[in-house]
Amino acid sequence: MVKMSCGALLLVAAAASVAEGFVTDLRAGGENSIRVRVVPSGGVLAEPVKSALQPNASQPLETRRLGSNASSAVNGNLRVDVDETTGFLTATRLSDGLQILRTTVLVFGAPVPSWSNGTRYLNATFATPAGATERIYGLGEHYGVGVNVFPYFKNFADSLYYAESHGSDVSIPWYCSSHGYGFVWNNPSLGTVNITNGSATWSGLAVRNFDVWITVSPQQPSASFYRDLLKQYVDATGHALPMPGYSTGFIQSKDRYRNQTQLMDVARGYVSRNLPISMIVIDWFHWKEMGDWSLNPLCWPDPQAMVDELRDLGIELMITCWPFVGINVSSNWDEFSQNQWLALNSTSGTPDSFWRYNTPTGNPVVDATNPDAMTAVMKAWWQGYGKYGVRAVWMDEAEPDHAAYISGGQWSFAAGSDSEMLPAWVRYWSDGFRAGLEEKYEPGEYFILARNAWPGTASNGAALWSGDVQSSWDVLRQSVLVAQQVAMSGVPLWTTDIGGYFSGNPASADFQQMIVRWFQFGAFCPLFRLHGQRVGGPPSDECGDTNGDNEIWNLAPDQTHYDAIAAVMNLREQLRPYVLEANKVAVATGYPMLRPVFLEYPADENLYTIETQFMLGSDWLISPVTAANATTWTAYLPQLSTGLEWVYWWNQTVVSKTGWVTVSIESLADFPLFFRRPSGNTD
């Protein structure tokens, strides 16, 4: 593995750029927001190959001169000054005069790779409001850190590499700060970010310009300025699409149902047991060859009958769709290779195998930056799945997953080198699916679940999930934090693999306890989904492996465990209209469905350091149990306005105390779950 570092060589180039001066551009980026672009003199202020911003976030803005070498612009509560000699910016919030960002280093140099035409290497450092108490929210999905991710470092290439991330690390170049500002690094390039006390440094291996979007809280902020910043962010990058009603309930999945008979037996098993279910999933290698984008008829002989019966049962079918095409074996190989619709190895100039496994001949990745390639993908998808009425797409492997670490310059796409655009590949991929699905369906009728995200993927209707995480109590604990990180990153729809993906053993007493607790967490996530590769299972057959069982009646052989899981499944079923309403709010305003409690009660300073609990919508507060054999668990209840009260859900007791409360959880069915209602309302 080679991780390139672009060192002092580039500082020499930067010195020349500074001496020659800079071309700058200030544009209105929505309310209280300004987009800033800078390029060395003689360069062109070009759009990035994929912008994080919608056109409405780059509108003309009146500027004024500050002497002969600087310009200034004001939009709402934000003022930005740019020095055209150095290219440095200063961003100030007008209502209190706080200087939120000030460039201290601006380095342009030769791109990596050198053949990334029209691009430059870029390194930019900003001074930020100093203070060890600064809190940073957003930046994606990251296990091992808190909801507040400060301090923060990330190499974007690491997030994309499965051997390091297991699909559970997602870099979204947006954050909002406790100092009342938000920031987007509007460059889809490979690079890094490093945020420390008083400083934020971003780099890109191959960018067209210095390009950032800055937003601040309004002069008259709402009760929580984070709500204002999130609203301004989605206004600029795109509002999420509404979730379909069928995605609000329980989603049954496993690695993997290997044939039609098995899948239908499971679907009928839920219905016959009166267990709620709204979706069921067909996972990987349901195809004959990689890139066929169709069901293997040996294992799935009558897809239309399957979809029709599932609909009659009230169940929607979701099928995974992978972005690889098997060399010389896929039914789509000739078309995609001859039309150059696959990424090319920059050394060989051919569409070599991209994915980490050869099955059996190698698997190049679709060049999603080529519109013709995406049109062809969707044509094949409609023929293989869509014609049966399938309208839910599991967009797995959407980093896209690759065999060898990509440090920049290994692959070329229609839009440019991997350095220029790989972090945004998922945006192109989801763009294509949205366009294809909307040939027949309206937003809110189709569903996409992706294993990656970038600004704007939610505006294509793409949800995100936790990736291939381990089955452990610690991962369950971390997942509670990750869910809130993702919410603050502008992605309203998120789900965990209930039980974890790897290593879950249904025969283990520890796992049987943990799966109950994971269900209690998962039932209050925006998407409620069971998935995993369980230990055990029958031998492989002509349709491949199926692994261990992953259905409620197989995971919970003890009746008390079964009843505890069924209780939260039934509660979630009752809450489906509530979930849909919370989603409507998220779509309209950017206010997340699952949210840190401080978003709802910003005046309570204690809540900014309590990350082990969250809210679903405005009325439900959940403190998931994340340790084995616990007999008590705590939750922190904020002070409510007059006329409201907290109710402990499991015994309908009104809780008069606020602050820390302790709940007995000796019964596995119990966990801290509180409902906010008008005082005295027992309905």
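See above for the structure.
In this text, all values refer to a predicted model and were calculated from it rather than measured experimentally. Sequence order as written defines the numbering, with residues in each chain counted from 1. Predicted model: local features are reported for residues with pLDDT of at least 70 only, side-chain atom pairs are reported and counted for 80 or more only, and whole-chain, interface and lining totals are derived from all residues. Excluding hydrogens and water, the side-chain figures rest on all heavy atoms present in the structure.

Draft legend 1. Summary view of the overall build of the protein. A run of DSSP states H or I qualifies as a helix once it reaches four residues; a run of E qualifies as a strand once it reaches two. Both are numbered from the N-terminal end. Along the protein, the regular secondary structure elements total 16 helices and 34 strands. In this treatment the radius of gyration is a C-alpha quantity, and the globule benchmark scales as 2.2 Å times the residue count to the 0.38 power. Computed over the C-alpha atoms, the radius of gyration of the protein is 25 Å, within 12% of the 26 Å expected from 2.2 N^0.38 for a compact globule of 683 residues. C-alpha atoms of the protein, sized along the principal axes, occupy 80 × 70 × 40 Å. We call a residue buried when its accessible area falls under 20% of the maximum for its residue type, exposed when it is over 50%, and partly exposed in between, using a 1.4 Å probe and counting protein chains only. Split into buried and exposed, the 683 residues of the protein put 65% on the buried side. Contacts were defined at the residue level, with two residues in contact if any of their heavy atoms lie within 4.5 Å. Residue pairs at least 24 apart in sequence account for 73% of intrachain contacts in the protein once pairs closer than 6 positions are excluded. The method behind every accessible area is Shrake-Rupley, applied with a 1.4 Å probe, and residues are considered shielded solely by the protein chains displayed. As displayed, the protein offers around 23,000 Å² of accessible surface, 50% of which is attributable to carbon and sulfur atoms. Of the charged side chains in the protein, 42 are positive and 65 negative, and the gap between their average positions amounts to 4 Å. Only four residue types enter the tally: Lys and Arg on the positive side, Asp and Glu on the negative side; His and the chain ends are excluded. Note that the charge is assigned to NZ on lysines, CZ on arginines, CG on aspartates and CD on glutamates.

Draft legend 2. Local environment of the packing of helix H12 (residues 509-522) against helix H14 (residues 559-574). Note on method: axes are straight lines fitted to C-alpha atoms, helices fitted across the in-contact stretch only, with angles between N-to-C directions ranging 0 to 180 degrees. Between H12 and H14, whose axes approach to 9 Å, the crossing angle comes to 10 degrees. If you check the angle between H12 and H14, you find them roughly parallel. Facing Gln512, Gln513, Ile515, Val516, Phe519, Gln520 and Gly522 of H12, the residues of H14 in contact are His561, Ala564, Ile565, Val568, Met569 and Arg572. Only Asp, Glu, Lys and Arg are considered charged in this grouping, and only Ala, Val, Leu, Ile, Met, Phe, Trp, Tyr, Cys and Pro are considered nonpolar; every other residue, Gly among them, is considered polar. Looking at the contact of H12 with H14 residue by residue, the class counts come to 7 nonpolar, 5 polar and 1 charged. Roughly parallel covers angles under 35 degrees, roughly antiparallel covers those over 145, roughly perpendicular covers 65 to 115, and oblique covers all other angles.

Draft legend 3. Focus on the sheet that holds strand S32 (residues 653-655). In this description, strands pair whenever DSSP reports at least two bridges between them. Here 6 strands make up an open sheet; going across it, the order is S27-S28-S29-S34-S31-S32 and the pairing antiparallel. Two strands in the sheet have a free side with no partner beyond their single neighbour: strand S27 (594-595) and S32. Judged from the 3 bridges that link them, strand S28 (residues 614-616) and strand S29 (residues 620-622) form a sheet pairing that is antiparallel. Residue Leu616 lies in a different strand from S29, and its bridge partner there is Trp620.

Draft legend 4. Summary view of the side chain of Ser177. Relative to the assigned elements, Ser177 resides in strand S11 (residues 170-177). Polar contact criterion, stated in full: a pair of N or O atoms within 3.5 Å, where within protein one must be able to donate a hydrogen and the other to accept it, and residues adjacent in sequence count only if both atoms are side-chain atoms. Within the structure, Ser177 has its side chain in polar contact with the side chain of Glu134 (distance 2.7 Å). Excluding its chain neighbours within four sequence positions, the residues that come into contact with Ser177 are Glu134, Arg135, Ile136, Phe225, Tyr226 and Leu229.

Draft legend 5. Spatial organisation of the nonpolar core. Here, nonpolar core means buried Ala, Val, Leu, Ile, Met, Phe, Trp, Tyr and Cys residues that are tied together by side-chain atoms lying within 4.5 Å of each other. Among the nonpolar cores identified, the biggest contains 188 residues, and Phe433, Phe519 and Phe524 are the most heavily contacted of them. The next biggest cluster of nonpolar side chains, apart from the first, holds 39 residues, and it includes Ile34, Phe150, Tyr175 and Ile214.

Draft legend 6. Spatial organisation of the packing of aromatic side chains. Put simply, two rings from Phe, Tyr or Trp (the six-membered ring, in Trp's case) pair if the centres are within 6.5 Å, and we call them stacked under 30 degrees between planes, edge-to-face over 60, tilted for the rest. Tallied over the full model, the rule gives 53 aromatic pairs. Relative to Trp646, the ring of Tyr601 has its centre 6.3 Å away and its plane inclined at 55 degrees; by these criteria the two rings are tilted. With Tyr601 in the loop between helix H16 (597-600) and S28 and Trp646 in strand S31 (residues 644-648), this pair connects stretches of sequence that are 45 residues apart. We classify Trp646 as buried; its relative accessible area is 2%. Taken together, the ring pairs connect Phe126, Phe156, Tyr175, Tyr181, Phe183, Trp185, Trp202 and Phe210 into an aromatic cluster. Definition used: whenever NZ (Lys) or CZ (Arg) falls within 6 Å of the ring centre and also within 35 degrees of the ring normal, the charge is taken to sit over that ring. Looking at Arg356, its charged tip hangs above the ring of Tyr162, at a distance of 3.9 Å from the centre. Of note, Arg529 hangs over the ring of Trp394, and the distance from its end group to the ring centre comes to 5.4 Å.

Draft legend 7. Structural view of the sheet that holds strand S12 (residues 181-185). Pairing is antiparallel in the open sheet, where 6 strands are placed in the order S1-S2-S15-S12-S11-S9. The sheet is open, and its two borders are formed by strand S1 (22-28) and strand S9 (136-141), each paired with just one other strand. Looking at each pair of strands side by side, their axes are set apart by 20 degrees on average, direction ignored. Where S11 meets S12, 3 bridges bridge the pair, whose relative direction is antiparallel. Across the sheet, residue Tyr175 finds its bridge partner in S12, namely Phe183. Packing of helix H4 (residues 225-237) onto the sheet brings it into contact with strand S2 (33-40), S9, S11, S12 and strand S15 (210-216), and relative to S11 it is tilted by some 135 degrees. Against the sheet, helix H11 (residues 473-488) engages S9 and S11, with an angle of about 100 degrees to S9.

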